[in-house]
Amino acid sequence: VLFRSNPEFARLLGYTTEELLQIPFIDLIHPDDREKTVEAVSELSEGKDVVNFENRYICKNGNLLNIRWTAAPEASEGKIFAVGVDVTEERAEQYLKKKIEGLRSLYISSKQRNNQFWDNALEVILEVTESEYGFIGEIKHTEEGVPYLKTFSITDISWRSEEHTSELQSPD
């Protein structure tokens, strides 16, 4: 259990400081990060500093928060003093760059850009953008110069027709 917490840390996790201090520390940690967190705490208990240690916290609303910690033990009092930096956006950007680079490599190396290729690409794009619907397409023009959309991949999009009928009707 935490003895003291910065109110900002509690706010980031979605708790009041009082609520946060009642929760067992390990319950706040993502299950996949608990073992390495216990190892870091063990190092601290041995008198070693821990620098640039990252783990994920489960917010009250279920979201995850990535925190990079620097911590030092205070042996005489048996306490640990730690400061953390929220690196959630930094990790999200790294994830996005990795996915985009993967798509780019796939596009370059793919000899055939068939429906399966475009469906896979759309799936990655939807995951990265946390979107439910989307399409991959190309704007083409008829011989008369009228633009139209050629789709390579599209998700199942449905809506009530009365809401969009006017948008789908031709201007004639």
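Source: prediction; values computed, not measured.

Concerning the overall build of the protein
Within the protein one finds six helices and five strands. Listing every helix and strand of the protein by position from the N terminus yields α-α-α-β-β-β-α-α-β-β-α. Counting all 172 residues of the protein, 23% fall into the buried class. Here the analysis covers contacts within the protein between residues at least 6 apart in sequence; of these, 28% occur between residues at least 24 apart. Surface accessibility of the protein: about 12800 Å² in total, with carbon and sulfur atoms responsible for 52%.

Things to note about the pairing of strand β4 (residues 135–141)
Where β4 and strand β5 (residues 147–154) come together, seven bridges link them in antiparallel fashion. Bridge assignment links Glu-138 to a residue of β5, and that residue is Lys-150. Counted along the chain from β4 to the antiparallel partner β5, the turn is five residues long, and its residue Gly-145 has a positive phi close to 90 degrees.

Structural notes on the confidence of the model for the protein
In this model, the protein carries a mean pLDDT of 83, and residues with pLDDT of at least 70 account for 88%. Within the protein, strand β1 (residues 50–58) carries the highest mean pLDDT (95), whereas helix α6 (residues 161–168) carries the lowest (47). With pLDDT under 50 throughout, residues 163–172 is counted as low confidence; its partners more than four residues away or in other chains account for two contacts.

Observations concerning the sheet that holds strand β2 (residues 64–74)
The three strands are arranged β1-β2-β3 in an open sheet whose pairing can be described as antiparallel. For this open sheet the edge positions go to β1 and β3 (79–86), each flanked by a neighbour on one side alone. Taking each pair of neighbouring strands and ignoring which way they run, the sheet shows an average axis angle of 35 degrees. One ladder, built from seven bridges, connects β1 with β2; its direction is antiparallel. If you follow Phe-53 over to β2, its bridge partner there is Trp-69. Packing of helix α3 (residues 34–45) onto the sheet brings it into contact with β1, β2 and β3, and relative to β1 it is tilted by some 140 degrees. Packing against the sheet, helix α4 (residues 88–109) makes contact with β1, β2 and β3, and its axis sits at approximately 125 degrees to β2.

What about the pattern of salt bridges?
Evaluation of the coordinates by the stated rule reveals nine salt bridges. A salt bridge links Glu-54 to Arg-91; the shortest N-O distance between them is 2.4 Å. In this pair, Glu-54 is assigned in strand β1 and Arg-91 in helix α4, connecting sequence segments 37 residues apart. Here the salt bridges do not stand alone but share partners, grouping Glu-54, Arg-68, Glu-90 and Arg-91 into one network.

A look at the side chain of Asn-55
Considering the arrangement of structural elements, one finds Asn-55 in strand β1. Every residue in contact with Asn-55, bar those within four places of it in the chain, is listed here: Ile-29, Asp-33, Lys-36, Thr-37, Leu-65, Asn-66, Ile-67 and Trp-69.

Description of the packing of α4 against helix α5 (residues 115–129)
Orientation of α4 relative to α5, taken along the N-to-C sense of each, is 170 degrees, at an axis distance of 10 Å. Here α4 is positioned roughly antiparallel relative to α5, judged by the angle of their axes. The segment α4 lies against α5, with Tyr-95, Leu-96, Lys-99, Leu-103, Leu-106 and Tyr-107 engaging Phe-117, Trp-118, Ala-121, Val-124, Ile-125, Glu-127 and Val-128. Broken down by class, the residue content of the contact of α4 with α5 amounts to eleven nonpolar, no polar and two charged.

How each quantity is defined
Residues numbered from 1 in each chain as written. Predicted model: local features only at pLDDT ≥ 70, side-chain atom pairs only at ≥ 80, totals over all residues. Heavy atoms only, no water. Helix = DSSP H or I, 4+ residues; strand = E, 2+ residues; numbered from the N terminus. Buried < 20%, exposed > 50% of the residue type's maximum accessible area, 1.4 Å probe, protein only. Contact = heavy atoms within 4.5 Å. Areas by Shrake-Rupley, 256 points an atom, 1.4 Å probe, with all protein chains shown as cover. Pairing = 2+ DSSP bridges. pLDDT = per-residue confidence, 0-100. Axes fitted to C-alpha atoms, helices over the stretch in contact; angles between N-to-C directions. Salt bridge = Lys/Arg side-chain N within 4 Å of Asp/Glu carboxyl O. Parallel < 35°, antiparallel > 145°, perpendicular 65-115°, else oblique. Nonpolar A, V, L, I, M, F, W, Y, C, P; charged D, E, K, R; others polar.

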